[in-house]
Amino acid sequence: GDIVLLAKPVTLTEGDRVTLTTDVPVATDGTSKPEKLLYAVSLPPVHGQIEHINYPGVPISSYRQLDVVAQKVFYVHDNSHGAGKESLR
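Residues numbered from 1 in each chain as written. Predicted model: local features only at pLDDT ≥ 70, side-chain atom pairs only at ≥ 80, totals over all residues. Heavy atoms only, no water.

The name given to the chain in an unreviewed UniProt entry is FREM1 protein, with Columbina picui as the source organism.

Student: Is there a simple way to explain the overall build of the chain in this structure?
Tutor: Helix and strand counts for the chain stand at one helix and seven strands. Counting helices and strands in the order they occur from the N terminus, the chain gives β-β-β-β-β-β-α-β. Sequence separation of at least 24 residues holds for 60% of the intrachain contacts in the chain that already meet a minimum separation of 6. Of the roughly 6,100 Å² of accessible surface on the chain, a fraction of 54% belongs to carbon and sulfur atoms. (Helix = DSSP H or I, 4+ residues; strand = E, 2+ residues; numbered from the N terminus. Contact = heavy atoms within 4.5 Å. Areas by Shrake-Rupley, 256 points an atom, 1.4 Å probe, with all protein chains shown as cover.)

Student: When you look at the packing of aromatic side chains in this model, what are you seeing that I'm missing?
Tutor: In this description, an aromatic ring pair is defined by two values, namely the gap between the centres and the angle between the planes. All told, the structure shown has one aromatic pair when counted by the stated rule. A cation over an aromatic ring shows up here: R17 above the ring of F74, its NZ or CZ 3.9 Å from the ring centre. (Phe/Tyr/Trp six-rings, centres within 6.5 Å; stacked < 30°, edge-to-face > 60°. Lys NZ or Arg CZ within 6 Å of the ring centre and 35° of its normal.)

Student: Even after reading the chapter, I still don't get the environment of D16, so can you show me in this structure?
Tutor: You can see D16 is positioned in the loop between β1 (4–7) and β2 (17–19). For the pair D16 and G48, spaced 32 residues apart in sequence, the C-alpha separation works out to 9.7 Å. Look past the residues within four positions of D16 in its chain and what remains in contact with it is Y75, V76 and H77.

Student: Is there a simple way to explain the sheet that holds β2 in this structure?
Tutor: Sheet strands pair by backbone hydrogen bonding; their relative direction is either parallel or antiparallel. With antiparallel pairing, the three strands of this open sheet are ordered in space as β2-β7-β5. Unpaired on one side and paired on the other, β2 and β5 (48–52) mark the two borders of the sheet. Strand-to-strand, the axes of this sheet are offset by a mean angle of 20°, without reference to chain direction. Where β2 lies against strand β7 (residues 73–77), three bridges are found, and the strand directions are antiparallel. Residue pairing across strands places V18 opposite Y75, the latter belonging to β7. (Pairing = 2+ DSSP bridges. Axes fitted to C-alpha atoms, helices over the stretch in contact; angles between N-to-C directions.)

Student: Got a minute to help me understand the pairing of β7 in this structure?
Tutor: Within β7, four of the five residues are buried, leaving the element largely enclosed by the surrounding structure. Across five bridges, β5 lies against β7 in antiparallel orientation. For H52, the partnering residue across the bridge sits in β7 and is V73. (Buried < 20%, exposed > 50% of the residue type's maximum accessible area, 1.4 Å probe, protein only.)

Student: Can you walk me through the nonpolar core in this structure?
Tutor: Soluble, globular proteins show a tendency: their nonpolar side chains are buried together. By size, the foremost hydrophobic cluster in this structure holds 10 residues: V18, L20, Y39, V41, I50, I60, Y63, V68, V73 and Y75. What V73 contacts, discounting residues up to four positions off in sequence, is V18, T19, L20, I50, E51, H52, I60, Y63, D67 and V68. (Core = buried A, V, L, I, M, F, W, Y, C linked by side-chain atoms within 4.5 Å.)

What follows is the structure, given as structure tokens:
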């Protein structure tokens, strides 16, 4: 039943991208198969997008923990001026 999600802030400048690693989001749900956890982007970022390394330039709405472990998912800042803080949900 219980799901635990730990997240750490990341600082980016305009146009930067950051690979999501298990240091940024990592979740466990008490099962023995955390790599099968599915993340769903319920509120897309305002000043960028989440992308999969196999589909650059295409925003994705979900990804698996296995993709995070393999460093295949990243956030790309869209060069918005004065973007301020952004969070992923």
